[in-house]
Amino acid sequence: MYTQKAHTPKAPNKSYLKRLTACLSWLLVLAVCAEPLVAIAQEYKPPKRGTPGRREGAGTRGGGCLRGSKLLMPLTPLDSFSATVANSPTFFWYVPNTVAQTAEFALLDNNDQPLYKTTIALPSQAGIVGFSLPAVAASVLEVGKDYRWQFSIVCNPNQPSVNPFVEGVVQRVQPEATLISQLDSANLRDRPAIYAAAGIWQDAIAAAAEQRCIQPQNLSLLLSWARLLRSVKLEEFAQEPLTQACLSMVTQPQP
């Protein structure tokens, strides 16, 4: 009688297991990123302008009310300029832990004359703060004009000069026909990438933030958000919570 001997498989060597693990990891990444590629390929392309400014974060200047290793930081491009096609754009800042309970937002014209000013409640934990310009102030944003904004932490209401602040420039632009056509035919997931490629930063980050607020656990959207921030050297803030910004956008939804 013929008896078949049991076959003992040879144990795979370590290099084979390493290659197999690497392949499985890549397959997982590809599966996660099976969403439309434009959703994760967004990268900001700045418009051509004159002499650029410079984005700067702010620390405590005598008020002593900011905590942590990260500075108060505007989520803007490196030159502090951001374009928008919306009449009620949403602004974003990273706010570190602070004992201050409020911040002040001001919109100024080219002569540094205040056009609008308001107080914003701050979260109890460090994170990203958002603020949508209300309709009462949106009417002042004329197409093609630069407006300066300031965002300051109210460490000491009696000594505004010691309050840490950041600032930037926003300009409302007329959308080109190509951009309008792209937005009309795109799904919501593609809108941040379309705005970013067109140099419309304010609407790109607002659209990306809104999507993350709706689906906070979606890894594809988190990757898109991180890619967008990395394109303007803000990758260290990609993991910061959007809790307050989401609350702001619920009351002032983006167009």
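Rules used throughout
Residues numbered from 1 in each chain as written. Predicted model: local features only at pLDDT ≥ 70, side-chain atom pairs only at ≥ 80, totals over all residues. Heavy atoms only, no water. Disulfide = S-S within 2.5 Å. Helix = DSSP H or I, 4+ residues; strand = E, 2+ residues; numbered from the N terminus. Buried < 20%, exposed > 50% of the residue type's maximum accessible area, 1.4 Å probe, protein only. Salt bridge = Lys/Arg side-chain N within 4 Å of Asp/Glu carboxyl O.

Engineer: Can you break down the state of the cysteines residue by residue, with the values?
Structural biologist: Such a bond, covalent and formed between the sulfur atoms of two cysteines, is termed a disulfide. For the structure on display, the rule yields two disulfides. Here Cys65 is linked by a disulfide to Cys155, with a sulfur-sulfur distance of 1.7 Å. Residues Cys65 and Cys155 are joined through a disulfide that is left-handed, its torsion about the S-S bond being -40 degrees. Here Cys65, found in the loop between helix H1 (14–32) and strand S1 (66–67), pairs with Cys155, found in the loop between strand S9 (146–153) and strand S10 (165–172); they are 90 residues apart in sequence, far enough to count as distant. Residue Cys65 is classed as buried on the basis of its relative accessible area, which comes to 3%. Two residues share a disulfide in this structure: Cys213 and Cys246, whose sulfurs sit 2.0 Å from each other. Handedness of the Cys213-Cys246 disulfide follows from its S-S torsion of about -90 degrees: it is left-handed. Of this pair, Cys213 sits in helix H5 (residues 201–214) while Cys246 sits in helix H7 (residues 243–251); the two residues are 33 residues apart in sequence, bridging distant segments of the chain. Residue class for Cys246 comes out buried when judged on its relative accessible area of 19%. Cysteine pairing for the protein (bonded cysteines numbered in sequence order): 1-2, 3-4.

Engineer: I'd love a proper account of the pattern of salt bridges, names of residues and values included.
Structural biologist: In this structure the tally under the stated criterion is five salt bridges. As a salt-bridge pair, Arg227 and Glu43 come within 3.0 Å of each other at their nearest N and O atoms. Placement of the pair is Arg227 in helix H6 (residues 219–230) and Glu43 in the loop between H1 and S1, with a sequence separation of 184 residues. Residues Arg148 and Asp112 are paired through a salt bridge, measuring 2.5 Å at the closest nitrogen-oxygen approach.

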